[in-house]
Amino acid sequence: MAVRHFLSLMDLSPEELDALIQRAIELKRIQKSGEIFEPLKNKVLGMVFEKSSTRTRVAFETAMAQTGGHAIFLSPRDTQLGRGEPIEDSARVLSRMVDVIMIRTFEHEKLEHFAAYSQVPVINALTDLQHPVQLLADVQTYVEHRGPIRGKKVAWIGDGNNMCHAYIDAARQFGFKLEIAAPEGYLPDENILKAAGSAAKMVATPADAARDADLIVTDVWASMGQEEEMAHRSRAFANYQVDSTLMSLAKPDCLFMHCLPAHREEEVSTDVLEGPQSVVWDEAENRLHSQKALLEFLVAK
Ligand code: CP
Ligand code: NVA
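Residues numbered from 1 in each chain as written. Chains lettered and ligands numbered in written order. Predicted model: local features only at pLDDT ≥ 70, side-chain atom pairs only at ≥ 80, totals over all residues. Heavy atoms only, no water.

**Examining the overall build of the chain**
This is how the line gets drawn: A helix here means a DSSP run of H or I that spans at least four residues, while a strand means a run of E at least two residues long, and both kinds are numbered starting from the N terminus. Radius of gyration here is computed from C-alpha atoms only, and the compact-globule reference equals 2.2 Å multiplied by the residue count raised to the power 0.38. Only protein chains enter the accessibility calculation, which uses a 1.4 Å probe; a residue whose area is less than 20% of its type maximum is buried, one above 50% is exposed, and one in between is partly exposed. Contact between two residues is taken to exist if any of their heavy atoms lie within 4.5 Å; hydrogens are not considered. Per-residue and other accessible areas were derived by the Shrake-Rupley procedure at a 1.4 Å probe size, with only the shown protein chains allowed to occlude residues.
Looking only at helices and strands, the chain has 12 helices and 9 strands in total. For 301 residues, the compact-globule formula gives about 19 Å, and the C-alpha radius of gyration of the chain, at 19 Å, lands near that figure. Referenced to the eigenvectors of the C-alpha coordinate spread, the extents of the chain come out at roughly 50 × 45 × 35 Å. Counting all 301 residues of the chain, 54% fall into the buried class. Residue pairs in contact within the chain that sit at least 24 positions apart in sequence constitute 72% of those at least 6 positions apart. With the model as given, the accessible surface of the chain reaches about 12,900 Å², and the carbon-plus-sulfur share is 52%.

Given below as structure tokens:
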């Protein structure tokens, strides 16, 4: 059978994704019970990071340690990939040694190129286009707090970026309704949006998206690699802050999520981020459990 990759949420079926979320919840229970469970004993994860990371790196590395495997951190500063060794050569060499590879990089095409030459599963740990591993944690967190996400209304407020694209795919795959409020010039990719059909749509204002929402999500206004656009973006996004007024339009039990790192008083007010509807710390912790479930799915056969 062809090797399975996880480059976007579309690489798994809705049934596989639902099972993965349930498994993440179960793996969390196992870890908290103190039981030693090592389905990845002697397995090795290669971690290629061309951008910074706290959560993704620590979650993957901890997941491998807790399941009996090992993780190798590979930065462009000290690998030959960073000195221009071709992607296809790096992919063929690394995948002859390790059992699974995760990549965080800029161009999504680079990840696809790498995966095409890899004989082991490749996981997207964030590209400029997509951030699918974050969605596993977000859906797990919603399910743990509120039950099934199917049929719920989710509001995306802000940049039509990698996280927004992953939310659009998630709306398709997990069966929720996504309403996106993004300023002109910062809209999500047309093809990703079109492919989602009625699962995701653009709305005119943040208030339209927030009204009666079950979950409100935002992200930074300038993603990694866009730092020098920040001044310009701050002006474009000035009316897109998730604050308590916006939250008050949603359902009373609406949750707030943010993949983090967050910029307080920019995309989210401090009182919302630190408030009772915010589940961002659970969301961050669930990166560990959901990525463990993903590794088990791809590797522990
Ligand atoms: N949310 C997220 O991916 O965080 P890191 O950049 O810290 O990995
Ligand atoms: N959109 C953000 C997400 C960080 C986890 C970025 O790409 O920088």
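**With respect to the site of ligand 2**
Spelled out, the test is: Here a residue is considered near a molecule or strand provided that any single heavy atom belonging to it is located within 4 Å of it. Pairs of N or O atoms within 3.5 Å make up the polar contacts considered here, provided that, within protein, one atom can donate a hydrogen while the other can accept it, and that residues adjacent in sequence are counted only when both atoms are side-chain atoms. By the convention adopted, Pro, Cys, Tyr, Trp, Phe, Met, Ile, Leu, Val and Ala count as nonpolar, Lys, Arg, Asp and Glu as charged, and the other residues, Gly among them, as polar.
In the vicinity of ligand 2, the residues found are Leu126, His131, Asn161, Asn162, Asp219, Ser223, Met224, Cys259 and Leu260. In this structure, Asp219 approaches ligand 2 through a side-chain N or O atom, which is 2.6 Å from a nitrogen atom. Ser223 is positioned with one of its side-chain polar atoms (N or O) 2.7 Å from a nitrogen atom of ligand 2. Protein burial of ligand 2: of its 270 Å² of free accessible surface, 93% is covered by the chains. The class makeup of the residues in the shell around ligand 2 is 4 nonpolar, 4 polar and 1 charged.

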